[in-house]
Amino acid sequence: MRKSAFTRACARLVLLVVLTLAALLAPPPPGLSATGAGGVAPAGGDAGTPAVGRAWPVGVRPRVLRGWEPPATVYGRGHRGVDLAAPPGTPVRAVAAGRVSFAGRVAGKGVVSVELSGTGDPPLRTTYEPVRASVAEDDEVTAGEVIGAVEPTGSHCTAPCVHWGLLRNDTYLDPLTLLPPWLLRRGPSRLLPVLGVPMPA
C-alpha cells in the first residue's frame, strides 16, 4: 500500500473511533426518555446528583414499569422511586460503591439501603425493595456487586418488579440521575461505515 493511501486509511480509522465515542457518550435525543416509549422521563430533580452509577440494579437495561413522579408537596401523591421489571429471584446489584446502611424488613418486605461513597455530606442513599438481602449492615459493597435477590411477594407493582429509590437525607430524588447516559441509552450501538478503507490483508 502506498504511503498516502495508508495515511488516508489511518485518518478514516481515527475518524471512525472519534464518531463512535461521540455517539456512545452523547445524551439521548430530546424526547427520548430512559424508560422508552410511553414511560416517564427522568425529571432531573437534584442538579447536584453525581452520575456515580456503574450498573443497573437488575439486568442490563431493565424495562421501567413506572418512573419517578415527584409529589407536589412533601406528603402529596407521587412515586418516590423507579419500578424496574424483575422476576422473583433476580439478583439485585448495588448501582455504585458504598456501605450498607440497612438490610432487613420494613412493613413485611425486605429492604436494602446503601449509602453511596463520595456523594457528599449527607451522602446519597439508594434503596431496593422487595429484596432478600445477601449483605448485612455496615458491609462495604462495590458497583455491580450482588446485594440480594428480588422477593416473590411484597411488591406494589402489577408485574414482578424491584422498587429502586434515591434519597439525600429525607428528600427523594430521581434514581435514574445516578446513571450516566451510556447506561440509560436503549438499543445497540451502531458503527458508521468507513468507505474506501481497504480490508486488512
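Residues numbered from 1 in each chain as written. Predicted model: local features only at pLDDT ≥ 70, side-chain atom pairs only at ≥ 80, totals over all residues. Heavy atoms only, no water.

**Student:** An account of the pairing of strand E10 (residues 161-168) is needed here, citing residue identities and associated values.
**Tutor:** Among the eight residues of E10, eight are classified as buried, and the element is accordingly described as predominantly covered. Burial of E10 is two-sided: the residues Cys-161, His-163, Gly-165 and Leu-167 facing one way and the residues Val-162, Trp-164, Leu-166 and Arg-168 facing the other way are all buried. Sheet analysis places strand E2 (residues 82-85) next to E10, joined by four bridges and oriented antiparallel. Opposite Val-82, over in E10, you have Trp-164 as the bridge partner. Bridge count between strand E6 (residues 124-129) and E10: six bridges; the pairing is antiparallel. Bridging across to E10, Glu-129 finds its partner in His-163. Direction of pairing for E10 relative to strand E11 (residues 171-173): antiparallel, over a ladder of three bridges. Paired with Leu-167 across the two strands is Tyr-172, which belongs to E11. (Buried < 20%, exposed > 50% of the residue type's maximum accessible area, 1.4 Å probe, protein only. Helix = DSSP H or I, 4+ residues; strand = E, 2+ residues; numbered from the N terminus. Pairing = 2+ DSSP bridges.)

**Student:** Quick rundown of the nonpolar core? Include the residues and the values.
**Tutor:** Note on soluble globular proteins: their nonpolar side chains tend to be buried together. Core analysis: the biggest nonpolar cluster contains 31 residues, and Trp-56, Leu-84, Val-112, Tyr-128, Ile-147, Val-162 and Trp-164 have the highest contact counts within it. Among the elements of the structure, E2, strand E5 (109-116), E6, strand E9 (146-150), E10 and helix H2 (181-184) are those that each provide at least two residues to this core. Leave out the neighbours within four places in its chain, and Val-112 touches Val-100, Phe-102, Ala-103, Thr-126, Thr-127, Tyr-128, Val-131, Ala-133, Val-135 and Ile-147. (Core = buried A, V, L, I, M, F, W, Y, C linked by side-chain atoms within 4.5 Å. Contact = heavy atoms within 4.5 Å.)

**Student:** Let's hear about the state of the cysteines: which residues, and what values?
**Tutor:** Using the criterion set out here, one finds one disulfide in the structure. Note that Cys-157 is cross-linked by a disulfide to Cys-161, the S-S spacing being 1.8 Å. On the sign convention where negative is left-handed, the bridge of Cys-157 and Cys-161, at about 65° about the S-S bond, is right-handed. Comparing Cys-157 with Cys-161 shows no difference in burial state: the two are buried. (Disulfide = S-S within 2.5 Å.)

Geometric descriptors of this kind do not, in isolation, establish any biological role.
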